[in-house]
Amino acid sequence: DVMIEGINKIDDHESFEEINDKLRKAVLWRMEENFGTDIIKVEERYAKQKELLKDYVPMPWHDLNKVIGGGLFPKTLSTFAAASSVGKSIALDQTAFYVWSQLKKNVVVISLELSEEIKGLRIDAQFTGLKIEELVKNEDKVVEAYKSLTGLDDKKLIIKEYPASSINTIKISNFISRLEMYTGFQPDFIIVDYADLVLPNSMKRT
């Protein structure tokens, strides 16, 4: 708009400073510029706090929720840490299924250890109470179990497998963007199983 306006005044030497000033402001303009939080704006800060506190995601375990203040809060990174074979992946699978099926949120599980098929079977076993080796021959029971879920509408639980040797947060972000672009799916909750295997985005050292 400034350039078009400037063309009309290109022969007017007295308009140079005016157009120059508008061009400088246009170059510096940003759609969304965040300059942080001003501590003195208490009402504004607390409005955001209230919004944050009402949108937390409780975990499947009541006692744990009491310890962590109710659940997991938006804009946070939470980590499950324990010794090998304690059950971290199982806890993450249970969390993913609970957040999807009970809290009615879109969930993405990024698996860097197990295949999508095995992850799916483990979630099926936890949901139906069947042993993994019983699932395939009882496929009808699994189908009926999922049909019994109500109120999900278009909410989904997506499992995506990546080889641990080639994944970083940029690739995960790109996958989420493509998912939204091609299917309209926007995750409310993202789980990365074995996040300690995620590679750095750059090998440069500072």
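Reading guide: rules and limits
- Residues numbered from 1 in each chain as written.
- Predicted model: local features only at pLDDT ≥ 70, side-chain atom pairs only at ≥ 80, totals over all residues.
- Heavy atoms only, no water.
- Core = buried A, V, L, I, M, F, W, Y, C linked by side-chain atoms within 4.5 Å.
- Buried < 20%, exposed > 50% of the residue type's maximum accessible area, 1.4 Å probe, protein only.
- Helix = DSSP H or I, 4+ residues; strand = E, 2+ residues; numbered from the N terminus.
- Contact = heavy atoms within 4.5 Å.
- Pairing = 2+ DSSP bridges.
- Phe/Tyr/Trp six-rings, centres within 6.5 Å; stacked < 30°, edge-to-face > 60°.
- Lys NZ or Arg CZ within 6 Å of the ring centre and 35° of its normal.
- Lys, Arg positive; Asp, Glu negative; His and termini not counted.
- Salt bridge = Lys/Arg side-chain N within 4 Å of Asp/Glu carboxyl O.

## A word on the nonpolar core
Counting 16 residues, the largest nonpolar core has Trp100, Val107, Val109, Phe189 and Ile191 as its most contacted members. Looking at this core, the elements that each hand over two or more residues are helix 5 (88-101), strand 1 (107-111) and strand 3 (189-193). Not counting chain neighbours up to four residues away, the residues in contact with Phe189 comprise Val57, Leu72, Thr95, Val99, Asn106, Val107 and Val108.

## Structural notes on unusual backbone geometry
In this structure, Ser85 is a non-glycine residue whose phi angle is positive, near 70°. Here Ser85 is to be found in the loop between helix 4 (62-67) and helix 5. For Ser85, a relative accessible area of 74% puts it in the exposed group. One non-glycine residue with positive phi stands out, namely Lys104, at about 60°. Examined against the element boundaries, Lys104 turns out to sit in the loop between helix 5 and strand 1. Take Lys104: its relative accessible area is 30%, and that puts it in the partly exposed class.

## A short note on the pairing of strand 3
Every second residue of strand 3 is oriented toward a common face, the buried set being Phe189, Ile191 and Asp193 and the non-buried set Ile190 and Val192. As paired strands, strand 1 and strand 3 are joined by five bridges and run parallel to one another. Note on strand 3: the bridge partner recorded for Val107 is Phe189.

## Observations regarding the packing of aromatic side chains
Scanning all chains against the criterion turns up seven aromatic pairs. Of the aromatic side chains, those joined through ring pairs into one cluster are Phe97, Trp100, Phe127 and Tyr146. Sitting over the face of the ring of Tyr162, Lys160 holds its NZ or CZ atom 5.3 Å from the ring centroid.

## Some thoughts on the side chain of Asp124
Summarising the element assignment, Asp124 is placed in helix 6 (residues 116-128). Lacking a salt bridge, the buried Asp124 has Arg122 as its closest oppositely charged neighbour, with an N-O distance of 11 Å. If sequence neighbours within four positions are ignored, Asp124 has contacts with Gly129, Leu135, Val142 and Tyr146.

In short, geometric facts, not functional conclusions.
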